[in-house]
Amino acid sequence: MKISLLIIEDNQSIAGQLIDYLAGKGFIVDYAHNGRLGLQLLQENQFDVIILDLMLPDIDGLELCEKIRLESNNIPILMLTARDSLEDKVKGFESGTDDYLTKPFELEEVAMRCIALSKRRDLNQSNSITIGDLIVDSSKQVVTRESKPINLSVTDFNILLELAKAFPSAISRNELTKKVWADDFPDSDALRSHIYTLRKAVDKPFAYPMIKTIHGVGFRLIEQ
C-alpha cells in the first residue's frame, strides 16, 4: 500500500514543489494551507505521515503539533522549518515531532525521511488489533471473532484492516479506496460489493454488527 501524506504548509510555492515531487514518487498527498484545515483533514482522513511547517498563519506549528499529540494521534510528524537553532529543534521534539528538517531542503531527503517514518511506525505498531471480540492480525492476515476464524479474501482483509486501524474514527469511502487500491481505482460498485461480503463474514454470524455506515462520510467499526 502507498504512503499517505498530509502537508500542512502556508507557502504555496514550497507546498507545490512538495506535492509535485512526492506525488510523482508514488505518495498519496493531501494539502492544508493552515492549521485549522490541517486538523479538519486529520479528523476526516487517515494519514501515514504529516509534513508540518512551523510558521502558519493561524496557529503556531509547535502548538499544532502538541494539539495533534493531545488528541492521541500517533501519526509520525516531520517538521519542515526555517528555524534552525538547537533551541528550536529541542522545542520541536518536546512538542511531539518525530523528525526535524530545516529549510532549504532537498526534496529527495524529504521523501526518504517520510518513508523511514512510515516504516518506523509500522514496526512500532502491534501486528494484532483487538476491538471487542474481533482480532485482526496484519502479519498473519488472520481474523477471528469470538475466537472463531473468519475467512476473507485479500481485498476484504485489507478493507477490514484499514477500518481497524482507523478505529474508533470513521474512514471515508474515498480514503478507503485510496488505501486499498491506490491508483488502480475500481468501478463505483466495487467497494460496496466488498463491504457487503465483509459484513456477511464479520457481522451476520454474530450477535451484533460491527461495521457501521456513517452517512455522508464512510464506514467505521463499533464496539458494543
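Check the entry above for the structure.
Structure report, in brief.

Quick notes on the rules
Residues numbered from 1 in each chain as written. Predicted model: local features only at pLDDT ≥ 70, side-chain atom pairs only at ≥ 80, totals over all residues. Heavy atoms only, no water. Pairing = 2+ DSSP bridges. Helix = DSSP H or I, 4+ residues; strand = E, 2+ residues; numbered from the N terminus. Axes fitted to C-alpha atoms, helices over the stretch in contact; angles between N-to-C directions. Contact = heavy atoms within 4.5 Å. Expected span 1.5 Å × (residues − 1). Buried < 20%, exposed > 50% of the residue type's maximum accessible area, 1.4 Å probe, protein only. Phe/Tyr/Trp six-rings, centres within 6.5 Å; stacked < 30°, edge-to-face > 60°. Lys NZ or Arg CZ within 6 Å of the ring centre and 35° of its normal.

A separate point is the sheet that holds strand S7 (residues 134-137). Read from one edge of the open sheet, 4 strands run S6-S7-S8-S9, paired in antiparallel fashion. Looking at the sheet topology across the chains shown, the edges are occupied by strand S6 (128-131) and strand S9 (148-150). Strand-to-strand twist across the sheet, computed as the mean angle between neighbouring axes with direction ignored, equals 20°. With 4 bridges connecting them, S7 and strand S8 (residues 142-145) associate as antiparallel partners. Across the sheet, the residue bridging to Asp 137 is Val 142, located in S8. Its contacts with the sheet place helix H6 (residues 154-166) against S6, S7 and S8, and it is angled at close to 110° to S7.

Before going further, it helps to examine unusual backbone geometry. Each neighbour pair has its own omega, and for Lys 103 with Pro 104 the value is -5°, a cis peptide bond. Structurally, the position occupied by Pro 104 is in the loop between strand S5 (99-102) and helix H5 (107-124). Of note, the bond from Phe 167 into Pro 168 is cis; its omega dihedral lies within 30 degrees of zero at 10°. Within the secondary structure, Pro 168 is located in the loop between H6 and strand S10 (171-172). A positive phi angle is found at Glu 146, which is not glycine, with a value near 55°. Mapped onto the elements, Glu 146 comes out in the loop between S8 and S9. At Ser 147, a residue that is not glycine, the phi angle is positive and equals roughly 70°. Here Ser 147 is to be found in the loop between S8 and S9.

Looking now at H6. An ideal rise of 1.5 Å per residue puts 18 Å on 13 residues; H6 measures up with 19 Å between its terminal C-alpha atoms. The buried count for H6 comes to 10 of 13 residues, which makes it a mostly enclosed element. Buried residues of H6: Asp 156, Phe 157, Asn 158, Ile 159, Leu 160, Leu 161, Glu 162, Leu 163, Ala 164 and Ala 166, and no others.

Time to look at the packing of aromatic side chains. The final tally for this structure, using the stated rule, is 1 aromatic pair. Note on Phe 93 and Tyr 100: the rings are 6.3 Å apart at their centroids and 35° apart in plane angle, and the pair reads as tilted. Relative accessible area serves as the criterion here: at 42%, Phe 93 is assigned to the partly exposed category. The class of Tyr 100 is buried, set by a relative accessible area of 7%. Across from the ring centre of Tyr 208, 4.7 Å away, lies the NZ or CZ of Arg 145, which sits over that ring.

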